[in-house]
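# Survey of secondary and tertiary structure
One-letter residues, chain by chain:
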Amino acid sequence: MTRQDTIAAANGPFNKDLDMVRDQLRRFIESEVTTKADAWEEAGMVPRDVLRRMGDLGVLGMRYDEQYGGAGLDVMSSVVLAEEVGRSTFGGFSATVLVHTDMASPHLENAGTPEQKARWMPSITSGEKIAAVAVTEPGAGSDVAGMRTHAVQDGSDWVLNGTKMFITNGVHGDIYFVGAKTDPDAKGSRGITMFAIEKGTPGFSVGRALNKTGWLCSDTAELIFEDVRVPAGDVLGEVNKGFYSVMKNFQNERIVLGAMACAEAQTALDMTVDYVKQRKAFGGVLWDKQAIRQRLADCQTRIEAGRQLVYHAARLDAAGHDCVKEVSMVKAYCGELVNSVLYDCVQFHGGMGYMRETPVERMSRDARVQAIGGGASEVMLEEVAKRM
């Protein structure tokens, strides 16, 4: 364990079990991801056998009950997972995993009936089925109230129509947790219901795979629902109460995105420090230049501040406290932080920082969406402002 890991462990609310999970994850990612994921970027997806092997390691369902293949752990296990996948340097891999574990499947955990969990959760924790959450639409992202996908009851079924956009794991996913308006007269964000829809359901199709700036090994899709019949038994939670499920899960999503962002920033910074200590220029190495040293020191200071903010919010969440303000701070601060740090890392790599063969070039592209997805920085700062 590096000194930075030791500091993180000392300051973070982790235990020996989570340290073992971290070590296991790190070994797996170093041997099975970091050295192989360039090919995944070209293919536009993470191989499903890699995710199944992560399921075999027990890291895809750490938050869930043991009877479903989980480990019954709390949010701190998600922080560990997010930090370690963030260190991989492949944001698309991180997104694929974390959407499955901490953004999509929690809808089943939080709102599913025992029968629904018994039906789907074992295959989710094993990696046999990969999950996606479909809430965002072409005209409704952070503004969930703008949702236009709708469902009407027909006998014992619901018939769903609409389009979803920017859905991670959308192309190659197996089970989708889909939000739809079920009360057209409800105001604002009320009247939304969550549905579980499996791949292959008649009327449900992938409209197109989306070509992104970054996160290239994460498959992202437009989804189309045309008269999709959903049995009443596949409704997640209460009818017309889905907005509250979405908001509840946003808390977890934003914590893990903050942890992932800090880990990415730290990894890129470590690479850059190594680079400038070797890169010869002006009769010495770049590290000899005070301006460069101090910019990198400032990056390290801000990363540590972000990490501690993540840990603080996660502690509050694990203890059951209302922490919307702190979690919104995490998402706003860390999403901007990783972009700022990667800007400096590319800058100090010089021309090599702009080459596709350099990890920091890829990481800088991957980082841009961190200030957008899961709640744009501006939306998060409004959440903070409301509670000031």
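Our structure's up above, just so we're on the same page.
All residue numbers here refer to positions counted from 1 along the written sequence of the relevant chain. At least 70 in pLDDT is required for a residue's local features to be given in this predicted model, at least 80 for side-chain atom pairs to be given and counted, and no such filter applies to totals for whole chains, interfaces and linings, which use all residues. Note that water and hydrogens are dropped before the side-chain values are worked out from all heavy atoms of the structure.

## Quick notes on empty space enclosed by the protein
The line we're drawing: A pocket, in this scheme, is an open set of points on a 1 Å grid over the protein atoms alone with protein on both sides within 12 Å along at least 5 of 7 lines, while a cavity is a set where a 1.4 Å probe fits but cannot get out; residues line either one if an atom lies within 4 Å of a point. Grid points are joined across faces, edges and corners, and a volume is the space filled by probe spheres set on the points. Strands here are runs of E lasting at least two residues and helices are runs of H or I lasting at least four, both read from the DSSP assignment and numbered beginning at the N terminus. Each residue gets one label: Ala, Val, Leu, Ile, Met, Phe, Trp, Tyr, Cys and Pro are nonpolar, Asp, Glu, Lys and Arg are charged, and the others, such as Gly, are polar.
Scanning all chains against the criterion turns up two cavities of 30 Å³ or more. In this structure, the largest cavity occupies an estimated 40 Å³ of space. What lines the largest cavity is Val59, Leu60, Gly61, Met62, Arg63, Tyr64, Ser78, Leu81, Thr101 and Asp102. Looking at the lining of the largest cavity, the elements with two or more residues in it are helix 5 (75–86) and helix 6 (91–111). Split by residue class, the lining of the largest cavity holds five nonpolar, three polar and two charged. Roughly 30 Å³ of internal volume is contained in the second largest cavity. Along the walls of the second largest cavity sit Gly86, Thr89, Phe90, Gly91, Glu264, Met363 and Asp366, which together make up its complete lining. Across the lining of the second largest cavity, the residue classes tally to two nonpolar, three polar and two charged.

## Some words on the nonpolar core
Threshold: By nonpolar core is meant a set of buried Ala, Val, Leu, Ile, Met, Phe, Trp, Tyr and Cys residues that side-chain atoms within 4.5 Å join together. Note on exposure labels: buried denotes an accessible area under 20% of the residue type's maximum, exposed denotes more than 50%, and partly exposed covers the range between, all computed with a 1.4 Å probe on protein chains only. By definition in these notes, contact holds between two residues if any of their heavy atoms fall within 4.5 Å.
Counting residues in each nonpolar core, the largest one holds 93 residues, and the members touching the most others are Trp40, Met54, Val79, Phe93, Val97, Val144 and Phe177. Per-element tally for this core: the top contributor is helix 8 (residues 242–276), with 15 residues. Look past the residues within four positions of Trp40 in its chain and what remains in contact with it is Glu32, Val33, Met45, Val46, Pro47, Val50, Phe93, Leu216 and Cys217. With 19 residues, the next largest nonpolar core counts Trp158, Phe195, Ile197 and Val235 among its residues.

## Overview of the environment of Leu98
Looking at the secondary structure, you find Leu98 in helix 6. Residue classification places Leu98 among the buried residues on the basis of a relative accessible area of 0%. Along the primary structure Leu98 and Gly86 are separated by 12 residues, whereas in three dimensions their C-alpha atoms are 10.0 Å apart. Residues within four places of Leu98 in sequence aside, it is in contact with Leu81, Ala82, Val85, Met103, Val256 and Met260.

## A short note on the layout of surface pockets
When its volume is computed, the largest pocket comes out at roughly 970 Å³. Of all elements in the fold, only helix 6, strand 3 (157–168), helix 8 and helix 11 (359–367) reach the threshold of two or more residues within the lining of the largest pocket.

## Section: the packing of helix 10 (residues 324–348) against helix 11
Quick reminder of the rule: Here, axes are lines fitted to C-alpha atoms. For helices the fit covers the stretch in contact, and angles between N-to-C directions go from 0 to 180 degrees. Working rule for angles: under 35 degrees goes down as roughly parallel, over 145 as roughly antiparallel, 65 to 115 as roughly perpendicular, anything else as oblique. In a left-handed crossing the near helix is turned counterclockwise from the far helix by less than a right angle, and in a right-handed crossing that turn is clockwise.
Where helix 10 meets helix 11, the closest approach of the two axes is 9 Å, and the angle between their N-to-C directions is 155 degrees. As summarised for this structure, helix 10 and helix 11 are arranged roughly antiparallel, according to the angle between their axes. Seen along the crossing, helix 10 lies across helix 11 with a hand that is left-handed. Together, Val338, Asn339, Leu342, Cys345 and Val346 of helix 10 and Val360, Met363, Ser364 and Ala367 of helix 11 make up the contact between the two elements.

## Focus on the packing of aromatic side chains
What counts here: Stacked, tilted and edge-to-face are the three classes assigned to paired rings of Phe, Tyr and Trp, where Trp is represented by its six-membered ring and a pair needs centres within 6.5 Å; plane angles under 30 degrees give stacked, over 60 edge-to-face, the rest tilted.
The final tally for this structure, using the stated rule, is six aromatic pairs. Summarising the aromatic geometry, the rings of Trp158 and Phe195 are spaced 5.9 Å apart at their centres and angled 65 degrees between planes, so their arrangement reads as edge-to-face. Of the two residues, Trp158 is situated in strand 3 and Phe195 in strand 5 (residues 192–198); the sequence distance between them amounts to 37 residues. Each member of the pair, Trp158 as well as Phe195, carries the same accessibility label: buried. Relative to Tyr244, the ring of Phe243 lies with its centre 5.9 Å away and its plane at 75 degrees, an arrangement referred to as edge-to-face. Take Phe243: its relative accessible area is 19%, and that puts it in the buried class.

## Some remarks on the side chain of Asp219
Rule in force here: We define a polar contact as two N or O atoms separated by no more than 3.5 Å, with the added condition that, inside protein, one atom must be a possible hydrogen donor and the other a possible acceptor, whereas residues neighbouring each other in sequence contribute only through side-chain atom pairs.
Within the element layout of this structure, Asp219 appears in the loop between strand 6 (204–209) and strand 7 (220–231). Residue classification places Asp219 among the buried residues on the basis of a relative accessible area of 3%. Reaching out from Asp219, the side chain makes a polar contact with the backbone nitrogen of Val171 at a distance of 3.0 Å. A polar atom in the side chain of Asp219 sits 2.8 Å from the backbone nitrogen of His172. Not counting the four nearest positions on each side in its chain, Asp219 is found in contact with Gly44, Arg48, Ile167, Thr168, Asn169, Gly170, Val171, His172 and Gly173.

## Structural notes on the environment of Glu253
Within the secondary structure, Glu253 sits in helix 8. The spacing of Glu253 and Lys277 is 24 residues in sequence and 36 Å in space, taken between C-alpha atoms.

## A word on the packing of helix 6 against helix 7 (residues 114–125)
Where helix 6 contacts helix 7, the two axes come as close as 10 Å, and the packing angle between them is 160 degrees. Relative to helix 7, the element helix 6 is oriented roughly antiparallel. The chirality of how helix 6 crosses helix 7 is left-handed. Within the contact between the two elements, helix 6 uses His100, Ser105, Leu108, Glu109 and Ala111 and helix 7 uses Gln116, Lys117, Trp120, Met121 and Ile124. Residue classes in the contact of helix 6 with helix 7 are distributed as five nonpolar, three polar and two charged.

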